[in-house]
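Structural overview
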Amino acid sequence: QKGPRVGNPNKEPTDPCLRGFCLGDLKRFFEEHVGEVSFEEDGVAPRPTCLATKLMRKCTAYNADHRTDISRGRLAAQRTDMFGLQKLVVRPLTKERQSSLAELWNPDGTQAK
């Protein structure tokens, strides 16, 4: 049975089991929209270090543009957390298609594992 209609209303609904994505998708997303990933050697295995530099710049610009409303308590300042990521990166990316990131990255679906 197919899941509820999501994404483009003219497209068939995506089966929820096909809304998966791979670690590589997440790494590419982070590097393109959020920041930098570097790997440090600790003697056992490479350990990733993620710096949200791009998201930090987006938060700084948003906070500067909205400083009056933020200071008056009308808007919340954006930070490099999931709330800032959702508002400043995920929503703008998924708004046009009204889809999830998984559907945006893999329009034909990827089996969740």
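As the structure is a computational prediction, the values presented were derived from the model and not from experiment.

Phi is positive for Gln-98, close to 50°, though the residue is something other than glycine. Residue placement: Gln-98 occurs in the loop between α4 (82-95) and α5 (101-105). When its relative accessible area of 58% is taken as the criterion, Gln-98 is described as exposed.

What follows covers the packing of helix α2 (residues 53-65) against α4. Each pair of packed helices can be described by the angle between their axes along with the distance between the axes. Contact geometry of α2 with α4 gives a least axis separation of 10 Å together with a crossing angle of 85°. Considering their axes alone, α2 and α4 lie roughly perpendicular with respect to each other. Listed contacts from α4 to Leu-55, Lys-58, Cys-59 and Tyr-62 of α2 are Gly-84, Leu-85, Lys-87, Leu-88 and Val-89. Residue composition of the contact of α2 with α4, grouped by class: six nonpolar, one polar and two charged.

Turning to the pattern of salt bridges, a few remarks are in order. Under the defined criterion, the tally for this structure stands at four salt bridges. A salt bridge links Arg-47 to Glu-40; the nearest nitrogen and oxygen atoms lie 2.9 Å apart. For Arg-74, the salt bridge identified is with Asp-69, shortest N-O distance 3.0 Å. Classification of Asp-69 as partly exposed rests on a relative accessible area of 25%.

Further remarks concern the packing of aromatic side chains. Evaluation of the coordinates by the stated rule reveals two aromatic pairs. Look at Phe-21 and Trp-105: their rings are 5.0 Å apart centre to centre, the planes differ by 90°, and that puts the pair in the edge-to-face class. Of this pair, Phe-21 sits in the segment before α1 (23-34) while Trp-105 sits in helix α5, and the two are 84 residues apart along the sequence. With 5.4 Å between their ring centres and 50° between their planes, Phe-29 and Trp-105 make a pair best called tilted. In this pair, Phe-29 sits in helix α1 while Trp-105 sits in helix α5, placing the two residues 76 residues apart along the sequence. Chaining the aromatic ring pairs together yields one cluster made of Phe-21, Phe-29 and Trp-105.

A word on the packing of α1 against α4. Direction vectors running N to C along α1 and α4 enclose 110°, while the axes themselves pass 12 Å from each other. Considering their axes alone, α1 and α4 lie roughly perpendicular with respect to each other. In this structure, α1 uses Phe-29, His-33 and Val-34 to contact α4, whose residues at the interface are Leu-85, Val-89, Val-90 and Leu-93. A per-class count over the contact of α1 with α4 returns six nonpolar, one polar and no charged.

Next up on the list: α1. Residues of α1 that are buried: Asp-25, Phe-29, Phe-30, His-33 and Val-34. The buried residues of α1 occupy one face: seen down the axis, they fall within an arc of 135°. For α1, the exposed residues set more than 90 degrees away from the buried face come down to Leu-23 and Glu-32. Against β1 (36-41), β2 (46-51), α2, α4 and α5 lie the buried residues of α1.

Rules and cut-offs
- Residues numbered from 1 in each chain as written.
- Predicted model: local features only at pLDDT ≥ 70, side-chain atom pairs only at ≥ 80, totals over all residues.
- Heavy atoms only, no water.
- Helix = DSSP H or I, 4+ residues; strand = E, 2+ residues; numbered from the N terminus.
- Buried < 20%, exposed > 50% of the residue type's maximum accessible area, 1.4 Å probe, protein only.
- Axes fitted to C-alpha atoms, helices over the stretch in contact; angles between N-to-C directions.
- Parallel < 35°, antiparallel > 145°, perpendicular 65-115°, else oblique.
- Contact = heavy atoms within 4.5 Å.
- Nonpolar A, V, L, I, M, F, W, Y, C, P; charged D, E, K, R; others polar.
- Salt bridge = Lys/Arg side-chain N within 4 Å of Asp/Glu carboxyl O.
- Phe/Tyr/Trp six-rings, centres within 6.5 Å; stacked < 30°, edge-to-face > 60°.
- Arc of directions from axis to C-beta.

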